[in-house]
Amino acid sequence: MFVSENLGVNEKGHLTIGGMDSVELAKEFGTPLYVMDEDLIRKHAKAYKNSIDKFYGGNGLVCYASKAFCCKEMCRVMKDEGIGLDVVSIGEMYTALKAGADFDKVCFHGNNKTDEELEYAVDLKVGRIIVDNIYELERLERIAGEKGVKVGIMFRIKPGIDAHTHDFVKTGQIDSKFGFALETGEAMEAVKKAIECKNIELKGLHCHIGSQIFDIAPFIEAAEVMLKFIADIKKDTGYEISDLNLGGGFGIMYTEKDDPVPYENYMEKVSVAVKESCEKLGIKLPYILIEPGRSMAGPAGVTLYTCGGVKEIPNIRTYISIDGGMTDNPRYALYKSEYDALVANKADKSKDTKVTIAGKCCESGDLIGEGMPIQTAVPGDIIAVCATGAYNYSMSSNYNRIPKPAVVFVKNGEARIAVKRETLDDIIRNDI
Ligand SMILES: *Cc1c(COP(=O)(O)O)cnc(C)c1O
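Everything quoted here is computed from the prediction, not taken from an experiment. (Residues numbered from 1 in each chain as written. Predicted model: local features only at pLDDT ≥ 70, side-chain atom pairs only at ≥ 80, totals over all residues. Heavy atoms only, no water.)

(A) Focus on the overall build of the protein. For the protein, the helix and strand inventory stands at twelve helices and 21 strands. Scaling as 2.2 N^0.38, a compact globule of 432 residues should have a C-alpha radius of gyration of about 22 Å, and the protein matches this with 23 Å. A total of 432 residues make up the protein; the buried ones form 57% of that total. Residue pairs at least 24 apart in sequence account for 70% of intrachain contacts in the protein once pairs closer than 6 positions are excluded. Working note: accessible area of the protein is about 18300 Å², and carbon and sulfur atoms make up 50% of it. Averaging the locations of the 53 positively and 65 negatively charged side chains of the protein gives two centres separated by 2 Å. (Helix = DSSP H or I, 4+ residues; strand = E, 2+ residues; numbered from the N terminus. Rg over C-alpha atoms; globule rule 2.2 N^0.38 Å. Buried < 20%, exposed > 50% of the residue type's maximum accessible area, 1.4 Å probe, protein only. Contact = heavy atoms within 4.5 Å. Areas by Shrake-Rupley, 256 points an atom, 1.4 Å probe, with all protein chains shown as cover. Lys, Arg positive; Asp, Glu negative; His and termini not counted. Charge placed at Lys NZ, Arg CZ, Asp CG, Glu CD.)

Spelled out as structure tokens, the structure:
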């Protein structure tokens, strides 16, 4: 009935999130509101961590891709669960720093890191900088030299795998802005260059083939391609790569059409494939890193809105207008991503209509979805959009000078603010 396991209905017929009444949450904190279920986040963190322990002897690290949902409280929860962090900008590094992150367990990604960001990462002793191109390698060698330190890196490799997902979230194919190509010899050249660098320690290789992927096969294929390259490097140079980072991209359920695999199955199957490949290729078992983002945060989130109006256009469609929209959830406008929605105060009723949920921005494309099955709504109803924990708050904007909603964490029947609602003064904070 619900797309996330933490959702339910109480005796008032209200949607519950982690056991808490969503209508009460809307009343207490206002709308729009991001609600994150901390228990579910922790459950997923444990599932990933346990899968590496169980199937790979604990010889690996889970790094949460913080771009999916980044705030200090999320970084703290991850640290508490023994999970590292992926960061992709100085802003994410700063957030991690202020949350007390362990930088040894941080991976710094990006296809165009600035000198300022590289220096910042080196100063913070980021455990692994994922180098995207030769120019970055040269700059990092110089920066590390100036600071008199040795920096641990991994290379971002394009394994040439075509994952079956949306074009905008595919990243493993040759035509991608990320990383080094294997088949042109570019990657091998970079490896040889890194081995020669005095201030760089080449720890490993990284690949990330895309996002919202439901098959395990492309992940296994990518791992095999990467291991073959590790064997080629050993043959060519004698250098043994110790770490293999297989990225993230595990799919979640947004609507009933989605059928995600349990995260444990991924590590179970990948471990077998990695062990077989290593034996065949005569290389040692690598330390494995995985980087789930969406699957860690996505299912744990629900966004609550207030319905401000219902506009029925006969024989065409019915619009429900909400007090948020593309400013808090731009994913339909960006990718036509589908969501499951319901009227939170009528969650025990059947979904008897289909609507288009429209935001309040001055854009016709400001929609949360079209043809969405939902209970009949009237102004004042609370509209819940499910599985919004990832790539919603982190992609939010102030378009139309709309203040960003608050983020509330719920845990053990208690709700607390993790990110305050923006005020009007926040909106003009930097205006002169
Ligand atoms: C975005 C990203 C991830 C996380 O992807 P999800 O689909 O959210 O799991 C992991 N690694 C890298 C390098 C990324 O860019």
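Now that the structure has been shown, we can carry on.
(B) Highlighting the domain arrangement of the protein. Entries for the protein in the domain assignment read domain 1 (7-37 + 298-427) and domain 2 (109-292). Its C-alpha centre places domain 1 at a distance of 36 Å from the equivalent point of domain 2. Taken residue by residue, the interface counts nine residues in domain 1 and nine residues in domain 2. Buried surface at the junction of domain 1 and domain 2, summed over both partners, amounts to about 770 Å²; 60% is from carbon and sulfur atoms. (Domains from an automatic or database assignment. Buried area = accessible area lost by both parts, 1.4 Å probe.)

(C) Geometry of helix α8 (residues 217-237). With 21 residues, α8 should reach 30 Å at 1.5 Å per residue; the first-to-last C-alpha distance of 30 Å fits that figure. When α8 is considered as a whole, its buried residues turn out to be Pro218, Phe219, Ile220, Ala222, Ala223, Met226, Leu227, Phe229, Ile230, Ala231, Asp232 and Ile233. Elements in contact with the buried residues of α8: β9 (151-158), α7 (186-196), β11 (200-206), β12 (243-245) and α9 (263-281). A positive backbone phi angle near 80° is found at Gly238, which sits one or two residues after α8. (Expected span 1.5 Å × (residues − 1).)

(D) Up close: the site of the ligand. Near the ligand there are 15 residues, and of these Lys67, Ser211, Glu291, Arg294 and Tyr391 occur at the shortest range. Between the ligand and Ser211 there is a distance of 2.2 Å, counted from an oxygen atom to a side-chain nitrogen or oxygen. Here the ligand, which alone exposes 390 Å², has 93% of that area covered by the protein. Split into classes, the residues belonging to the shell around the ligand amount to three nonpolar, seven polar and five charged. (Near = heavy atom within 4 Å. Polar contact = N/O pair within 3.5 Å; in protein donor to acceptor, adjacent residues only side chain to side chain. Nonpolar A, V, L, I, M, F, W, Y, C, P; charged D, E, K, R; others polar.)

(E) The sheet that holds strand β3 (residues 20-21), seen in detail. Taken in spatial order, the three strands of this open sheet run β1-β2-β3, and their pairing is antiparallel. Edge positions in the open sheet fall to β1 (7-9) and β3, since each of these has one partner strand only. Where strand β2 (residues 15-17) meets β3, two bridges bridge the pair, whose relative direction is antiparallel. Paired with Ile17 across the bridge in β3 is Met20. (Pairing = 2+ DSSP bridges.)

(F) Examining unusual backbone geometry more closely. For the bond running from Thr31 to Pro32, omega is -10°, close enough to zero to count as cis. In this fold, Pro32 is placed in the loop between α1 (22-29) and β4 (33-37). Not every positive phi belongs to a glycine, and Lys336 is a case in point at roughly 55°. When you line up the elements, Lys336 lands in the loop between α11 (331-335) and β16 (341-343).

(G) Structural view of the packing of aromatic side chains. Tallied over the full model, the rule gives ten aromatic pairs. Through a chain of ring-to-ring contacts, three or more aromatic side chains come together here, namely Tyr48, Phe219, Phe250, Tyr263 and Tyr266. For Lys113, the ring lying beneath its charged end belongs to Phe108, and the centroid distance is 5.6 Å. (Phe/Tyr/Trp six-rings, centres within 6.5 Å; stacked < 30°, edge-to-face > 60°. Lys NZ or Arg CZ within 6 Å of the ring centre and 35° of its normal.)

(H) Representation of the pattern of salt bridges. Enumeration over the complete set of coordinates arrives at 26 salt bridges. Residue Glu138 pairs with Lys193 through a salt bridge whose shortest N-O separation is 2.8 Å. A residue pair is termed long-range when its members are at least 10 positions apart, and Glu138 in helix α6 (residues 134-147) and Lys193 in helix α7 qualify at 55 residues. A residue is classified by how much of its surface remains accessible, and Glu138, at 38% relative accessible area, is partly exposed. (Salt bridge = Lys/Arg side-chain N within 4 Å of Asp/Glu carboxyl O.)

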